[in-house]
Amino acid sequence: MLLCRNKRIRPARRSTALALMMSVLVVTCASCAGGSLPAAEPPEPLVYGEAVNLAGTDGIYTIAANERYRMQYRQETTGIEILDAAGMPLWSSTADRERYDWMTASDVWRHYLCSFLHISYIHKDNTRGQLLDAYSGDPDTTIQGYALPDGVRLRIQFGTAAVTMVMDVVLEENGISVCLPEAGIEENGDYLLVSAEVFPFLGAASKSDEGYLVYPDQGGAITYFDRVDQKNTFASSLSLEVYGPMDAAELFEEPQEYATANLPAFGLKRNSEAFLAAAVSGDSDLTIEVRPALETSAVPLNAASFRFVYRQSYKIYLSGLDTEKNGISYGTQFGDLIGGSREAKYFFLSGDEANYSSMAAVYRKYLLETGQLSSSANAGNELALTILIGTKNVRSALGGTICMTTFAQAQQMIEDYLQAGIPLRVMLRGWTQGGSQAAHSSFQPSKAAGGEKGLRALLDFAEQNGVPVALEVDAVQLTEASDGLRPKKDGLLQGSLELVCDEEETSYLLSPVRTQSLYQRLQKQLSKYGLSDTPTAWVGIGQLCYEDYRKNAVCSRAQCIDIFSGIAGDMVQGANLYALKGKSWVYDVWMRGDMHRISDVQIPWTAMVLSGSVGMISTAGNDTGDLQELEMQWLEYGCVPSFELTWESASKLQDSNVTSLYSSGHSQWKDTIISFWQQWEEGPGATAGHALCGHTILSDGVVRVQYEDTPPIYINRTAEPVTVDGLEIPAGGYRMADIREVIADDGTE
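Since we're looking at a predicted model, the values are computed, not measured.

Draft legend 1. Inspection of helix 11 (residues 627-636) at higher detail. With 9 of 10 residues buried, helix 11 is to be regarded as a mostly interior element. Inspection of helix 11 places Gln-628, Glu-629, Leu-630, Glu-631, Met-632, Gln-633, Trp-634, Leu-635 and Glu-636 among the buried residues, and these make up the whole buried set. In the core, the buried residues of helix 11 are packed alongside strand 37 (642-645), helix 12 (666-682), strand 38 (692-699), strand 39 (702-707), strand 40 (713-716) and strand 43 (733-736). At the N-terminal end of helix 11, a side-chain oxygen is found 3.3 Å from the backbone nitrogen of Gln-628, two or three residues along, and the residue is Asp-626. Taken from the residues just after helix 11, Gly-638 is the one with a positive phi, measuring 70°.

Draft legend 2. Local environment of the pairing of strand 5 (residues 89-92). Two strands pair when backbone bridges link them, and strand 4 (residues 79-84) and strand 5 are joined in this way by 3 bridges, in the antiparallel orientation. From the neighbouring strand, Leu-83 faces strand 5, where its bridge partner is Pro-89.

Draft legend 3. Structural context of the packing of helix 5 (residues 407-419) against helix 12. The interhelical angle for the contact between helix 5 and helix 12, taken along N-to-C directions, is 20°, at an axis separation of 11 Å. Relative to helix 12, the element helix 5 lies roughly parallel. The hand of the helix 5/helix 12 crossing is right-handed. Together, Met-413, Asp-416 and Tyr-417 of helix 5 and His-666, Trp-669, Lys-670, Ile-673 and Ile-674 of helix 12 make up the contact between the two elements.

Draft legend 4. Up close: the sheet that holds strand 38. Overall, antiparallel pairing links the 4 strands, which are arranged 38-39-40-43 in an open sheet. Two strands bound the open sheet, and with one partner strand each, they are strand 38 and strand 43. Within the sheet, the average angular offset between the axes of one strand and its neighbour, ignoring direction, is 20°. Across the sheet, helix 11 is in contact with strand 38, strand 39, strand 40 and strand 43; its angle to strand 43 comes to roughly 40°.

Draft legend 5. Structural context of the packing of helix 11 against helix 12. Packing of helix 11 against helix 12 leaves a shortest axis separation of 13 Å and a crossing angle of 45°. Considered as vectors, helix 11 and helix 12 are oriented oblique to each other. For the pair helix 11 and helix 12, the crossing hand works out as right-handed. For the pair helix 11 and helix 12, contact is made by Leu-627, Glu-631, Trp-634 and Leu-635 and by Thr-672, Phe-676, Gln-679 and Trp-680, respectively. Residue classes in the contact of helix 11 with helix 12 are distributed as 5 nonpolar, 2 polar and 1 charged.

Draft legend 6. Local environment of the packing of aromatic side chains. Under the criterion given, the structure shown has 25 aromatic pairs. Ring centres of Tyr-112 and Tyr-135 lie 5.1 Å apart, and the angle between their planes is 40°; this geometry places the pair in the tilted category. One end of the pair, Tyr-112, is in helix 2 (residues 107-113); the other, Tyr-135, is in strand 7 (residues 132-135), with 23 residues separating them in the sequence. Residue Tyr-112 shares its accessibility class with Tyr-135, and that shared class is buried. Judged by centre distance (5.1 Å) and plane angle (90°), the rings of Tyr-121 and Tyr-191 are edge-to-face. With Tyr-121 in strand 6 (residues 117-123) and Tyr-191 in strand 13 (residues 191-198), the pair connects residues that are 70 residues apart, well separated along the chain. Members of the aromatic cluster, connected to one another through ring pairs, are Tyr-69, Trp-91, Phe-199, Phe-266, Phe-275, Phe-306, Phe-308, Tyr-346 and Phe-348. Directly above the aromatic system of Trp-102 lies the positively charged group of Arg-97, at a separation of 5.2 Å from the ring centroid. Arg-291 extends its terminal NZ or CZ atom over the ring of Phe-201, reaching a point 5.0 Å from the ring centre.

Draft legend 7. Examining empty space enclosed by the protein more closely. Under the defined criterion, the tally for this structure stands at 7 cavities of 30 Å³ or more. Here the largest cavity is characterised by a volume of approximately 180 Å³. Secondary-structure elements contributing two or more residues to the lining of the largest cavity are strand 36 (615-617) and helix 11. Tallied by class, residues from the lining of the largest cavity come to 13 nonpolar, 9 polar and 1 charged.

Draft legend 8. Seen up close, unusual backbone geometry. For Tyr-243, which is not glycine, the phi torsion reads 75° and is therefore positive. For Tyr-243, the position within the fold is in the loop between strand 16 (238-242) and strand 17 (259-261). Residue Tyr-243 is classed as buried on the basis of its relative accessible area, which comes to 1%. Even without being glycine, Asn-271 reaches a positive phi, approximately 60°. On the secondary structure map, Asn-271 appears in the loop between strand 18 (265-270) and strand 19 (273-281).

Draft legend 9. Inspection of the sheet that holds strand 37 at higher detail. The 8 strands are arranged 36-34-33-32-29-28-25-37 in an open sheet whose pairing can be described as parallel. Every other strand in the sheet has two partners, leaving strand 36 and strand 37 as the edge strands with one partner each. Taking each pair of neighbouring strands and ignoring which way they run, the sheet shows an average axis angle of 20°. Of the strand pairs in this sheet, strand 28 (residues 424-429) and strand 29 (residues 469-474) are connected by 3 bridges, and their pairing is parallel. Along strand 29, the bridge assignment pairs Leu-428 with Leu-471. Across the sheet, helix 12 lies against strand 25 (383-388) and strand 37, angled at about 165° from strand 37, the strand it touches most.

Conventions adopted
Residues numbered from 1 in each chain as written. Predicted model: local features only at pLDDT ≥ 70, side-chain atom pairs only at ≥ 80, totals over all residues. Heavy atoms only, no water. Buried < 20%, exposed > 50% of the residue type's maximum accessible area, 1.4 Å probe, protein only. Helix = DSSP H or I, 4+ residues; strand = E, 2+ residues; numbered from the N terminus. Contact = heavy atoms within 4.5 Å. Polar contact = N/O pair within 3.5 Å; in protein donor to acceptor, adjacent residues only side chain to side chain. Pairing = 2+ DSSP bridges. Axes fitted to C-alpha atoms, helices over the stretch in contact; angles between N-to-C directions. Parallel < 35°, antiparallel > 145°, perpendicular 65-115°, else oblique. Left-handed = near helix turned anticlockwise from the far one by under 90°. Nonpolar A, V, L, I, M, F, W, Y, C, P; charged D, E, K, R; others polar. Phe/Tyr/Trp six-rings, centres within 6.5 Å; stacked < 30°, edge-to-face > 60°. Lys NZ or Arg CZ within 6 Å of the ring centre and 35° of its normal. 1 Å grid on protein atoms, 1.4 Å probe; cavity = no way out; pocket = protein on both sides within 12 Å on 5 of 7 lines; lining within 4 Å. Points joined across faces, edges and corners; volume = space filled by probe spheres on them.

Have a look at this one:
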């Protein structure tokens, strides 16, 4: 993560008078804060077609049918059901009573288990965040049906909530689409819609079913249905906040209590059937709810769903007391209704295709067809080299930067590796006057590193030798005084009008509108230097998404996405889907790491969706204690080998906030990198630029990885050699199927 994550955040202190003023604000609308989020044009009124009798024949109404599927509505359970062409049941929005007899459950659970739509809402005068729930399966909910081509429009009136929503369900060639039209929302009483969960129990499975839930936690993870007894005692359901935490203040908290997803998608496999769910509209304000059956579960079913958020919440603090010592006093306020329609697609898979690899392939195909991914990556067999030029000196009272590599020294490093026959892709970090780890407004090349002249000479040398060099730009993180930027003027504001910052109030987030202006300024500066065509790499653009309530710069999460995705550049940090269009490379992507308590195994699910469209760079080879294990991760997760180096010894970084580089000196790593590359080029390098199309868990610690048009790779993380498909794979090593040499954990062949 780019931000300092070892500090807990709290709001900046304020006077008692301001606290009293805030206590008044909590009972007012969000518009009274720094400015309400921008209101979109009102949607066109819905046109309701011919009314249909949802009771149909014998309580079943056939909605639509095609060559593969039939979709119907069952009035008794208010369920939407999918059958195959022969009439065999495949999926139902209502939990299957053979898997769990919900008639024995409480009224609330029974209504929930029979619902295709669940909403959360709140009384307009409630300031404590006490949400209420209503279900399409409630007895006092009224459901009306209207005909749509190949589908049905359902108008759902939630009686107690006095909230009405419309849900369009359409049968498609390979699945169904579900849309919640903006124009279908009505708030007729004292209650406000907060969120809507679609198909909370579609395909819900018991522990007796063979299968799993797959979700984009970090690089991808699986929770198996039959491993209830093996789950952590303190495991609980998982809510993944798509594209970053809804509350930007949580970015500074430690330990982090939130989990995020860079893809708005999940999957479920149940026996010989599976589906992939993908949110295609409304993903800016979305969570993925993952609910495995646990020993402590009220209902022993495995399910996952999308929860579309219609109102963001934030805290209004009511006192100036030190919250750590005296407790906390605050109110919760919800913003205005977030406009726009929401839509999700469900792709059905059967038989041999009912697995997470095929889910990723289906999703990748959809993203390619809709132009959200490019058809081919500009990625060859090359080593990704990040060179740290300079960073901020945090110990000196006079400030300044610590120069770790001059531009001339960077040129020498590149030349050394080129002479060794290593093709490179380079990123310069901290190349500006202020160094790395903060946004800057002037974009002046570091004078200590050689200034404009030195940078130009380096870039000219790289171009002459066919080495792409990208300039890393930080336009999201702000320190107390970052080259003309000021927190009070340029920082991100929460709905409570407080700056998002760390506890010491030294690190902040930049307003998205200000990020956009910095991007425009950079273009002018590069043009001034005659470097208009120089590739750029953008810190945080693919990791974060947040609201800003700053007056005259108010920005919703959706608008933040529009700003971030509109920043042109060759590389982007993080793999959030919105940031990838037009990008050739992503860096700092997730591989293996700490798993959530519900997860049983980690898989390269995100990599299988993205590889072949963008080149991926992850953990640097000198940022690990086990290069052999990291090499296997690069192979398993579709990443190119990478290193982050400096000319000077890493010991000079002791006066900086750079904590990831324990060993980075070029002279220390040169021979190791050259030796490593010779081995890589002989085998694994053949996978470069090819899409990662298959991943199979053969046994605990043993996997088979398949790239398009290349032989499979077998990875063995166990302590003993294993034989797979007639090949012996060494302990702690890997092997490519048609290459006879075996790479073992001791580096021998």
